[in-house]
Amino acid sequence: MTHFRSLILLLTVSLFSLNGLSQSCDSGLGYCDAGSDLPSKILIKGGTVVNAEHQEVADVYVEDGLIVAVRPNIKVADGVRVIDATGKFVMPGGIDPHTHLAMEFMGTETIDNFFTGQAAALAGGTTMHIDFVIPVDGSLSKGYEAYVEKAKLACMDYGFHMAITKWDDIVPKEMEIMVKEKGINSFKFFMAYKGSLMVSDDLLLEGLKKCKSLGALAMVHAENGDAVFEGQKRMIELGITGPEGHALSRPPVLEGEATARAIRLAAFVNAPLYVVHVMSTDAMEEIARAQKSGQRVIGEPVVSGLILDDSVLWDPDFITAAKFVMSPPIRALGHGKTLQAALSTGVLKLVGTDHCTFNSTQKSFGIDDFRKIPNGVNGLEERMHLVWDAMVESGQMSATDYVRVTSTECAKLFNIYPRKGAILAGSDADIIIFNPNATFHISAKSHHSRSDTNVYEGRSGKGKVEVTIAGGRIVWENEELKVVPGSGKYISMPPFNYLYHGIDKADARYLTSLKAPVNRIRPSL
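Bear in mind the structure is a predicted one, so any value in this text is a computation, not a measurement. (Residues numbered from 1 in each chain as written. Predicted model: local features only at pLDDT ≥ 70, side-chain atom pairs only at ≥ 80, totals over all residues. Heavy atoms only, no water.)

A. Representation of the overall build of the chain. In terms of helices and strands, the chain carries 15 helices and 20 strands. Seen along its three principal axes, the alpha-carbon backbone of the chain occupies a region of about 95 × 55 × 45 Å. Taking all 525 residues of the chain together, 61% fall into the buried category. Total accessible area on the chain is roughly 20300 Å²; 52% of this is exposed by carbon and sulfur atoms. Distance between charge centroids for the chain: 6 Å, based on 52 positive and 61 negative side chains. (Helix = DSSP H or I, 4+ residues; strand = E, 2+ residues; numbered from the N terminus. Buried < 20%, exposed > 50% of the residue type's maximum accessible area, 1.4 Å probe, protein only. Areas by Shrake-Rupley, 256 points an atom, 1.4 Å probe, with all protein chains shown as cover. Lys, Arg positive; Asp, Glu negative; His and termini not counted. Charge placed at Lys NZ, Arg CZ, Asp CG, Glu CD.)

B. Up close: a nonpolar patch on the surface. A surface patch of nonpolar side chains, about 320 Å² in accessible area, is lined by Tyr 510, Leu 511 and Leu 514. Checked against the element boundaries, Leu 514 lands in helix α15 (residues 503-514). Given a relative accessible area of 40%, Leu 514 falls into the partly exposed group. (Patch = residues over 30% accessible without salt bridge, like charges linked within 9 Å, V, L, I, M, F, W, Y side chains within 5 Å. Salt bridge = Lys/Arg side-chain N within 4 Å of Asp/Glu carboxyl O.)

C. How the structure looks around α15. The end-to-end C-alpha distance of α15, which contains 12 residues, comes to 17 Å, matching closely the 16 Å that a straight helix rising 1.5 Å per residue would cover. The positive-phi residue at the C-terminal boundary of α15 is Lys 515, with phi of around 50°. (Expected span 1.5 Å × (residues − 1).)

D. Here's a closer look at the side chain of Ser 280. Along the chain, Ser 280 falls in the loop between β15 (273-275) and α8 (281-292). When its relative accessible area of 0% is taken as the criterion, Ser 280 is described as buried. In this structure the side chain of Ser 280 is engaged in a polar contact, spanning 2.9 Å, whose partner is the side chain of Glu 255. Look past the residues within four positions of Ser 280 in its chain and what remains in contact with it is Pro 252, Glu 255, Arg 331, His 335 and Leu 339. (Polar contact = N/O pair within 3.5 Å; in protein donor to acceptor, adjacent residues only side chain to side chain. Contact = heavy atoms within 4.5 Å.)

E. A look at the packing of aromatic side chains. In this structure the tally under the stated criterion is 16 aromatic pairs. Aromatic pair Tyr 274 and Phe 414: ring centres 5.8 Å apart, planes at 50°, arrangement tilted. One end of the pair, Tyr 274, is in strand β15; the other, Phe 414, is in the loop between α14 (399-413) and β17 (431-441), with 140 residues separating them in the sequence. The same class applies to Tyr 274 and to Phe 414, which are both buried. Three or more aromatic residues link up through ring pairs in this structure, and these residues are Phe 114, Tyr 144, Tyr 147, Tyr 158, Phe 160 and Tyr 490. The ring of Tyr 417 is capped by Lys 412, whose NZ or CZ atom sits 4.9 Å from the centre of that ring. (Phe/Tyr/Trp six-rings, centres within 6.5 Å; stacked < 30°, edge-to-face > 60°. Lys NZ or Arg CZ within 6 Å of the ring centre and 35° of its normal.)

F. How the structure looks around the environment of Lys 363. Turning to its location among the elements, Lys 363 is positioned in helix α12 (residues 360-363). Lys 363 gets classed as buried once you look at its relative accessible area, which sits at 2%. Leave out the neighbours within four places in its chain, and Lys 363 touches Phe 318, Ala 322, Lys 323, Val 325, Phe 358, Ile 373, Pro 374, Asn 375 and Gly 376. In terms of polar contacts, Lys 363 uses its side chain to reach the backbone carbonyl oxygen of Pro 374, at 2.9 Å.

G. A look at the nonpolar core. Ranked by internal contacts, the top residues of the largest apolar core, which has 116 residues, are Phe 187, Phe 189 and Tyr 402. With 7 residues, helix α13 (residues 383-392) is the largest single contributor of residues to this core. Leaving out residues up to four positions away in the same chain, Tyr 402 has contacts with Met 91, Met 384, Val 387, Trp 388, Val 392, Met 397 and Phe 434. Grouped together as the second largest cluster of nonpolar side chains are 18 residues, Met 128, Cys 410, Phe 414 and Ile 491 included. (Core = buried A, V, L, I, M, F, W, Y, C linked by side-chain atoms within 4.5 Å.)

H. Quick look at the pattern of salt bridges. All told, the structure shown has 26 salt bridges when counted by the stated rule. For Lys 194, the salt bridge is made with Asp 226, and the minimal N-O distance between the two is 3.2 Å. Residue Lys 194 is located in the loop between β13 (186-190) and α4 (201-214), and its partner Asp 226 is located in helix α5 (residues 225-237); the two are separated by 32 residues in the primary sequence. Exposure remark for Asp 226: the relative accessible area of 42% places this residue in the partly exposed category. Where Arg 250 meets Glu 223, a salt bridge forms, and the shortest distance between an N and an O atom there is 2.9 Å. Within this pair, whereas Arg 250 is found in the loop between α6 (244-249) and α7 (252-269), its partner Glu 223 is found in the loop between β14 (217-221) and α5, the two being separated by 27 residues in sequence. Taken together, the salt bridges that share partners define one network made up of Asp 157, Arg 419, Lys 420, Asp 428, Asp 430 and Lys 489.

I. Looking closely at the UniProt feature "modified residue: N6-carboxylysine" (unreviewed entry) in the chain. Residues annotated by UniProt as "modified residue: N6-carboxylysine" (unreviewed entry) correspond here to Lys 188. With respect to the element layout, Lys 188 can be found in strand β13. Those residues within four positions of Lys 188 in sequence are excluded, and the remaining contacts are His 98, His 100, Phe 132, Met 162, Ala 163, Ile 164, Met 219, His 221 and Val 276. (UniProt positions renumbered as here; feature names shortened; annotations may be inferred.)

J. Fine view of the sheet that holds β14. Spatially, the 7 strands line up as an open sheet ordered β8-β11-β12-β13-β14-β15-β16, and their pairing is parallel. The open sheet is flanked by β8 (94-99) and β16 (297-299), the only strands paired with a single partner. Neighbour-to-neighbour, the strand axes of this sheet turn through a mean angle of 25°, independent of strand direction. As defined by bridge partners, β13 adjoins β14 across 5 bridges and the pair is classed as parallel. By the bridge assignment for β14, Ser 186 is matched with Leu 217. Across the face of the sheet, α14 comes into contact with β8, β11 (126-133), β15 and β16 while running at roughly 65° to β8. (Pairing = 2+ DSSP bridges. Axes fitted to C-alpha atoms, helices over the stretch in contact; angles between N-to-C directions.)

K. Just the UniProt feature "domain: Amidohydrolase-related" (unreviewed entry) in the chain, in detail. In the numbering adopted here, UniProt assigns the feature "domain: Amidohydrolase-related" (unreviewed entry) to residues 89-475. With 37% helix and 18% strand, the stretch residues 89-475 has end C-alpha atoms that lie 18 Å from each other.

L. Layout of the pairing of strand β19 (residues 473-477). By the criterion of burial, β19 is predominantly enclosed, with 5 of the 5 residues buried. Examined bridge by bridge, strand β18 (residues 460-470) and β19 share 4 bridges and lie antiparallel to one another. Bridge assignment links Thr 468 to a residue of β19, and that residue is Trp 476. Here β18 hands over to β19 after 2 residues, with Gly 471 in that stretch at a positive phi of 60°. Pairing analysis gives 2 bridges linking β19 to strand β20 (residues 480-481), with the strands arranged antiparallel. Counted as the bridge partner of Trp 476 is Leu 481 from β20. The turn linking β19 back onto β20 is made up of 2 residues, and Asn 478 within it adopts a positive phi angle of 55°.

Below you can see the structure in the form of structure tokens.
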């Protein structure tokens, strides 16, 4: 069990059971239920307010969950909680576009649910995430209902993507319901995991067409699943059964090929495309090539791909190596630096985590066969710190760009800006106070995930989230986490984001370019 060293338990939360661990005053989990004593009026004074477009020294006044004013020298009456942010950055809370909480996968379920995963996120400065709903027996509606139930534990705002795992007459009708009634504006297609989640090219084409008609964003996990299956057999035949076999069985070329294929199919349909967890130079270059030609393709790197390299998969200790197994795999040294450069120049647009955590016992399911190691790593709590240290402290990115890739771009892509992703009057009061001069240290002994391991174990860096405000509530301050199960809100996300602007004109140009059908004279026979 992870040690929650930085938390203090204040009140009893007895109504919620978290994967069999009920919270109470003597539970030892250390989460605080402070919903009743949090001020509804907060003034953040003297900080540098950073948005994606600009930064300025200003005060921020929050009331009843919303940002009311952003300007210098705001005067307030008594009864307002004042936080001095002099010398610090005041930024929008992070938005993680890619998580898997309480996900059933590879014969088990991720160790972090919608409470523990979100609590970890808040401690790390992320105030909203978008999780992937997995259909139940191919049914989108049943999958949605299951995730609504799972999300009852939520302690911060969240949204849903929807995965598509099969195609019949019902699925497109359900997609329409998801978009028009349930607030889901994105659908994910797995090109990997043959025999379970993987879709064929004809299904992907049907999905792209339907997404376009609904104004939804099509997302792909881009790996060639057939070739990966062949690679796995090859490794087993060679006697390579350990975690290193995972990376060797699905090399970068297979990610590059699937990325190129998905991009070309999206171009054929003229639909926007979002490539999740871009892990290799091969995939990034396909995205850059498509963007250069004018195609609307979004590339999402994840923290593990930016920071780590695959040498860890050869560690002689199985548990150490297995904790790094994810798909697509963490790549060889050099890919991460290339991805960082692509992020700094805007080829890659925003940073997710693919937070999908399994503990050591679960990872050990594959101790004799890497194909049985549950795929996934942590990152929800660590993302904001690691991106700042790797990108801003290194000089590759400005503070405004940091806000763009960790919050604003996600809000814009999923059509919830400026409600989210901005420090503006009228925006939700999801705010972090960030000290660029403080340091952070990562350890499984102090993190807030339920996992007993951390793929960033021992890493330290500069820049730390000192205060997190979510929905106008101070939830992280003085190394204490004050979270309330059930307090999170579902955020409905409308279709037709900015990538759809001008799509109809491009379609019209295409039809004109055909110069067809030709009115031919039929020969007399």
